[in-house]
Amino acid sequence: MSIVQKQDTVKDKIIVAADEFFSRFGFYKTTMDEIARKIHKAKGVLYYYFRSKEELYTEVVRRELQQVKDELIKAGKAGDDPVTTLENYIKIRFERLSHAVNYHETLQADFREQYGFVESVRKDFENFERNQLKKILEEGKQQGYFQLSDIDLTLDVVLIMLKSVEIPLYLQNKYAEYKNIIDEMISLIFNGLKKN
């Protein structure tokens, strides 16, 4: 095993352990000491790879959201008609984000105000979603599925709707309770977008 591979392995172990602690106890209650003990390394090893707990947490959230992105990319390439693609995208988005526990913590207003270090990761995910959804809406308009006067404004409204339910779904732990209602929300979105 090369030095680079070994370093990647140690770095990955740090991230996996950090994810476990951050997911269970949150950013505030997790310490670098606990993460170091979990992987049987000195705390200094963590600081070799990550300058701070904030940087480590940002990487954990980035990887968590990358997994969501990977699933959403697959949904966008499924080859379905744009209506089905959009429906699957929204369902997969909510389901995958329900498992992104560290992302949930970043939804808290006090967390975002005090810890702006995660804002770049959140902004990256927002830009990703904007691009993915815009492709779906443009394709739907071109193929005659959607009647849209302004794709960018429609996209803003769809994103506002999706984000507006994140706090009840994830921070208030209501995803399981509302899971079936998500289909109704999707119907509301589609009825507004579909060409009559």
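What this report covers is the structure whose coordinates are included nearby. (Residues numbered from 1 in each chain as written. Predicted model: local features only at pLDDT ≥ 70, side-chain atom pairs only at ≥ 80, totals over all residues. Heavy atoms only, no water.)

Structurally, the position occupied by Asp110 is in helix H7 (residues 109–114). Asp110 sits 21 residues away from Tyr89 along the chain, and the two C-alpha atoms are 29 Å apart. (Helix = DSSP H or I, 4+ residues; strand = E, 2+ residues; numbered from the N terminus.)

Let us look at the pattern of salt bridges. The final tally for this structure, using the stated rule, is 18 salt bridges. The salt bridge partner of Arg51 is Glu55, with a shortest N-O separation of 2.9 Å. We classify Glu55 as partly exposed; its relative accessible area is 25%. Across the pair Lys134 and Asp152 runs a salt bridge, and its minimum N-O distance is 3.0 Å. Here Lys134 is found in helix H8 (residues 119–142), whereas its partner Asp152 is found in helix H9 (residues 151–164), with 18 residues between them in sequence. We classify Lys134 as partly exposed; its relative accessible area is 27%. Sharing partners across several salt bridges, the network here consists of Asp12, Glu59, Arg62 and Arg63. (Salt bridge = Lys/Arg side-chain N within 4 Å of Asp/Glu carboxyl O. Buried < 20%, exposed > 50% of the residue type's maximum accessible area, 1.4 Å probe, protein only.)

Attention now moves to the packing of aromatic side chains. If you walk through the whole model with that rule in mind, you get eleven aromatic pairs. When the centroid spacing of 5.4 Å and the interplanar angle of 45° are considered together, the rings of Phe27 and Phe117 count as tilted. Of this pair, Phe27 sits in helix H1 (residues 3–29) while Phe117 is found in the loop between H7 and H8, placing the two residues 90 residues apart along the sequence. Judged by its relative accessible area of 2%, Phe27 is buried. Every member of this aromatic cluster is reached through a ring pair, and the members are Phe22, Phe27, Tyr28, Tyr57 and Phe117. The ring of Phe27 is capped by Lys53, whose NZ or CZ atom sits 4.4 Å from the centre of that ring. (Phe/Tyr/Trp six-rings, centres within 6.5 Å; stacked < 30°, edge-to-face > 60°. Lys NZ or Arg CZ within 6 Å of the ring centre and 35° of its normal.)

A separate point is unusual backbone geometry. The backbone of His40 shows a phi angle near 60°, a positive value even though the residue is not glycine. In this model, Asn173 sits at a positive phi of 55°, which is unusual for a non-glycine residue. Taking relative accessible area as the criterion, Asn173 reaches 69% and is therefore assigned exposed.

Helix length check: helix H5 (residues 82–98), at 17 residues, gives a terminal C-alpha distance of 24 Å against a target of 24 Å (1.5 Å per residue), a fit within 8%. Turning to H5, its buried residues number three or more, namely Pro82, Val83, Thr85, Leu86, Tyr89, Ile90, Arg93, Phe94, Leu97 and Ser98. Measuring from the backbone nitrogen of Val83 back to the side-chain oxygen at the start of H5 gives 3.0 Å, which picks out Asp81 as the cap. (Expected span 1.5 Å × (residues − 1). Polar contact = N/O pair within 3.5 Å; in protein donor to acceptor, adjacent residues only side chain to side chain.)

Turning our attention to the nonpolar core. Buried together is how nonpolar side chains tend to be arranged in soluble globular proteins. One finds Ile14, Ile35, Leu56, Leu86 and Phe94 to be the most contacted residues of the largest nonpolar core, which totals 56 residues. In terms of residue count, the dominant contributor to this core is H1 (eight residues). Setting aside anything within four residues of it in sequence, one finds Leu86 in contact with Leu133, Ile136, Leu137, Phe146, Phe190 and Leu193. (Core = buried A, V, L, I, M, F, W, Y, C linked by side-chain atoms within 4.5 Å. Contact = heavy atoms within 4.5 Å.)

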